[in-house]
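Understanding the architecture of this molecule
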Amino acid sequence: MRRVRQLAFIVFAAVYLVSCPLVLLQAFGYSLKPGAEQGIVKTGLISLATTPPGATVYLGKRRYTKTTPTILRGLLPGTYDVRVGLPGYQPWVRTVTVEAEKSAVFERILLLPAAWKQERLLPGPFQELLPLPGTRWLVLRRGPMLSDHWFYDWKTGDAQRLVAPASPLAEARVLSIGTVNGSPALLVRLGVPADEWVLWIEPSADEPRLEDLTGLLPPGARHITWDPLDRRHLLFLQDGALVRLHLPSQTVTLLLEGVQGFGLFDRALYVLNDTGTLVQMDLEGKLRRPVVDKPAGKGTRASARRPLEITVFSKEALLLLGAHGELFTPYHGGEEWRGRPEGSLQRRRPLGRGTGFTSRAAAPLIGHGVLGLAWEARHQRAAVWQKDRLGLIEWGEPPERDARVRWVLEKGRRITQAFWVHESSHLLVHDDDEAKLLELTRGRVAAVQTLVPVRPGSAFAYDDDAGILFYLEPSAGALCSMTLLPRRDLLSFSFQERTTSSGGSP
Amino acid sequence: MNFRFSPHLTTGRDRVLHRLFSILPGLASWTILLGMIGLAVGKPRLAAALVIAFNLYWLLRLLFMTLFLVLSYLRLSLEQDTDWMERVRGLDRLDPYLTALRRSAAGRSLRGRLSRWLHLRELQRVRAQEPLPPSETIVHLVLIPIMKESRHILAPGLASLARQTFPPKRILVVLAVEERASDAVKADVRELQRRYRAVFLDLLVVVHPDGLPGEARVKGANATYAAKAAAALLAERGIRVEDVVASCFDADTVVDPQYVACLTYRFLTCPERTRASFQPIPVYHNNIWDVPSFARVLDIGSSFFQLIEATDPERLVTFSSHSMSFAALVETGYWPVDMISDDSAIFWKAFIRFDGRYRVVPLPITVSMDITAAESWWKTVGHVYRQKRRWAWGVENFPVVMRAFVTSRTIPLSARLRHGFKLFETNVSWATWGFLLTVIGWLPALLVGREFSDSVLYYSAPRITATIFGLASISLATTIILSLSLLPKRPVRWSSLTRIGHALEWLLIPIISTCFSALPALDAQTRLMLGGSLEFRVSEKGRRREDDRRDTAGADGGAAYAVDELELAGEDWRGS
């Protein structure tokens, strides 16, 4: 037994001494290069994962036996033409640069159907589609009257008028419709002769529920909002004061005066007062904590009141939008970055670095013209658009949380909406009455595909869970849908080789 | 080499050396663990590379150990049906026995044939030795230290000794009771003495006084006191210590009927028999079906470890119930009276005493003991943890042994290096491997930042690790198969589903190895490093009786037990 043990020890030790370096070399991407110039070379890899999975992979002219999701290993540094194909889908083609010891990651490739699945849901003509993001509802408008407006449940396909034609309000002209993300309720301002009404309208199983708020909301009330999970309270600004309206009891409570702007998130109020201090409060008006660690520094003059809308995406991501589309971040300054075509980054101009925030002392993140924001929770970033360009706002690590804007599309024409698609790998953009799908790769737009024309003057709606785009046909005004994402079928789910995805965008 | 084998009797340079070597194992373990954590945070790539290298090393070592586990198990099973007493008698008339053996039929089974072949080979070697002493001169001394074990724990062990194929009349049994034991325990012991005295050469009850100077409250002190009493009795009866084989058994030990005969055979055929200890394979079958699965898996693992160790006699150390030459025990000065790990300490003490000319001979036979258990699951968790920590406290030998090695001029350097390294490495790996494999090894992947998520390593490391663990499942499967083969016959009340569960409980190994192996070891080493100590606590043992009542140590006493209880205990043992 002693000799057996000695022999076994020698064998195992030899195996370890030989295999360990080889395994480590392979782990780091080193490979033995055959041929005349034999030697150890550094290699890279390409990681591919598609939706739907099971696509065939071609590297140059070589076809790989494995289908997606897969990892192509042992690639010598250089550029490779990668093509991914699946019957019934458009091929995905890229020229990929492989670097030594690096991985080129494409883990959210969305294969686009060769023929889009489109469906006409309701005949027109509708003049406008009003999305209710985060809900299963849309609002469709046929005319200017209240009875010309419909709720549409895209899950069931049911449509219900906001009011019956026989209702005394049916012929009231709709002046404006206020909505809140995640809430199917509408705050509708109606113009009746010599008067103005305010209605709260919610869809329900049978017919919409209406509640008359006329008289409760003062004429000058602005920035009216509510918590989508709590319809009991409405919050609004009135002459610089933050006011809360309790609907069941119809009582009005003054929460705070001297307010420039406020936002609501997760049952907390984020309030910017006249001194430039940004604080968090509860719905009763009790102060919880200052949002910025250091309040506005001494000596800072109080700025002139400038109305601001505070958009809170998360406890760490908060933006202030001015009336002229200027965008501010409340933390220690921010920076605007412009991506060069080569992919390198250049600092454009540093923004105000100070202790805390003042609406006058600090320079904005974006100076003007911001039309909208779309939050992407997965990577804690937001899409922002102006009329002709689209960018991504990313926040740095605590405690500084510096925000940066990276413009990814600069040749837009008339951008009015943007939605994140497919695990933030794409952006669906409403540009110049067309729905366009932008593929993002490494923070840049790699491809743009125009999907459908959209009725001028109307918005479209998109639900990423269902992967369906809702829009109005340009000519007939019919409500149509287009399926962008394949149905998530459990049977076809396949595990990627890598169980955790990379942190960055493709 | 004359050396005071004690962690307490040190002054001057010895104290410094002792303190230094006390710190070393714990320092190494903590350095490895914290160092890996620090690397995972600061240098994740380097940490990932080290993890891969370690995992590969672990895999090869695991496969290596599995290979020898299988070989050792085969060796054990080869001798399963061996009539050791016949072999002992054969030694008394070696030549005729050898001739008859050669002429006899080889037998039908492969196992029988292999056993016979090995036996013949050994007899050839023995024949070349100097003449063996007659087997009738060999006397066995069995010491059983008792603190709070009731007769229900003690009786099966005594019954198993009474059933030995070796004549019980040549076995001297000493029940070594602590003075501080309860009256109930003492009454039980007296009752057992009354019952079994006539079976053996004698059955002494020796009460170890409490608080003797220089002694700690440890089992070794009790055993030493009893051994000295036995030595006096043996001297009275004119029995030479060279003819005596001493066995120190835990109170719950139940031995195979062939144990003493096997031990006698090995003793007689051992070159330099008075310079050897004899180590059986400990199994924990007495109450294996009555304990939680984690406790069962742990102690089966301990048995497997001993099986593997048995294949390396040159570095084997005594553990738990074992035997040794009484002459060596006397010359060594008996067990240390101030150390908890008396089972391993006595080996080192003898090794040092005899200048490295001392070894452990593995015995291809099992002794069965109890798995630590308590009334409730959580209490069992606590008891098991403390027991494993006590086992890990064997690290207390390291500073003592190394102090001797450093100062010795007579122990061969190669032996010092070999044993010293193994002692150090065994303890450090015991305390670190569980954490490295189950927790720390995954930190680089978890903590790696976005800056590394585009590296080849980020994608390669998980695949390599998965492959390594996939290959390690070969070892796991082998272990499961062997464990099922080694286990005693199940009580008929268990369903097939329960049996499947018994196989699947090995999947708990990652958690068990960390919480009940690595953690107690780290605990023990840390205490030693910080200059602390451990209190000797008798492990609670519990067996389910036929009436499904659990008997724990210290339970009822006084009432006489019926013969059928004795028979039942024997049946339980025979089934194991």
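Residues numbered from 1 in each chain as written. Chains lettered and ligands numbered in written order. Predicted model: local features only at pLDDT ≥ 70, side-chain atom pairs only at ≥ 80, totals over all residues. Heavy atoms only, no water.

**Examining the sheet that holds strand β3 (residues 44-51) of chain A**
Residue and element names in this part refer to chain A.
- Strand order in the open sheet formed by three strands is β6-β3-β9, and the pairing between neighbours is mixed. The sheet terminates laterally at β6 (70-75) and β9 (103-110), the two strands that pair on one side only. When strand polarity is set aside, the average angle formed by the axes of neighbouring strands in this sheet is 10°.
- As paired strands, β3 and β6 are joined by four bridges and run antiparallel to one another. Residue pairing across strands places Ile-46 opposite Leu-72, the latter belonging to β6. (Pairing = 2+ DSSP bridges. Helix = DSSP H or I, 4+ residues; strand = E, 2+ residues; numbered from the N terminus. Axes fitted to C-alpha atoms, helices over the stretch in contact; angles between N-to-C directions.)

**Let's talk about the confidence of the model for chain A**
Residues and elements named next belong to chain A.
- Mean pLDDT over chain A stands at 82; residues scoring 70 or higher make up 85%.
- Per-residue pLDDT, averaged within each element of chain A, yields its smallest value for strand β31 (residues 345-350) (32) and its largest for strand β41 (residues 468-472) (96).
- Note that pLDDT drops below 50 for residues 293-305; the model gives that stretch 23 contacts with residues more than four away or on any other chain.
- A low-confidence stretch, residues 332-361 stays under pLDDT 50, and its non-local contacts, those more than four residues away or across chains, total 86 contacts. (pLDDT = per-residue confidence, 0-100. Contact = heavy atoms within 4.5 Å.)

**Overview of the pattern of salt bridges**
All names here are of chain A.
- Per the stated rule, a full pass over the model turns up 49 salt bridges over all chains.
- Here Glu-202 makes a salt bridge to Arg-209, at a shortest N to O gap of 2.7 Å.
- Owing to a relative accessible area of 12%, Glu-202 belongs among the buried residues under this scheme.
- Here the salt bridges share partners, and the residues they tie into one network are Arg-413, Arg-414, Asp-431, Asp-432, Asp-433, Glu-434 and Lys-436. (Salt bridge = Lys/Arg side-chain N within 4 Å of Asp/Glu carboxyl O. Buried < 20%, exposed > 50% of the residue type's maximum accessible area, 1.4 Å probe, protein only.)

**A few points about the packing of aromatic side chains**
- Taken as a whole, this structure holds 37 aromatic pairs over all chains when the rule is applied.
- With a centroid separation of 5.7 Å and an interplanar angle of 35°, the aromatic rings of A:Phe419 and A:Phe460 are classed as tilted. Separated by 41 residues along the polypeptide, A:Phe419 in strand β36 (residues 415-421) and A:Phe460 in the loop between β39 (444-453) and β40 (461-463) bring together distant segments of the chain.
- The class of A:Phe419 is buried, set by a relative accessible area of 15%.
- Ring centres of B:Phe354 and B:Tyr358 lie 5.8 Å apart, and the angle between their planes is 20°; this geometry places the pair in the stacked category.
- In this structure an aromatic cluster arises from ring pairing among B:Phe347, B:Trp348, B:Phe351, B:Phe354, B:Tyr358 and B:Phe405.
- When the ring centre of A:Phe106 is taken as reference, the NZ or CZ atom of A:Arg442 above it lies at 6.0 Å. (Phe/Tyr/Trp six-rings, centres within 6.5 Å; stacked < 30°, edge-to-face > 60°. Lys NZ or Arg CZ within 6 Å of the ring centre and 35° of its normal.)

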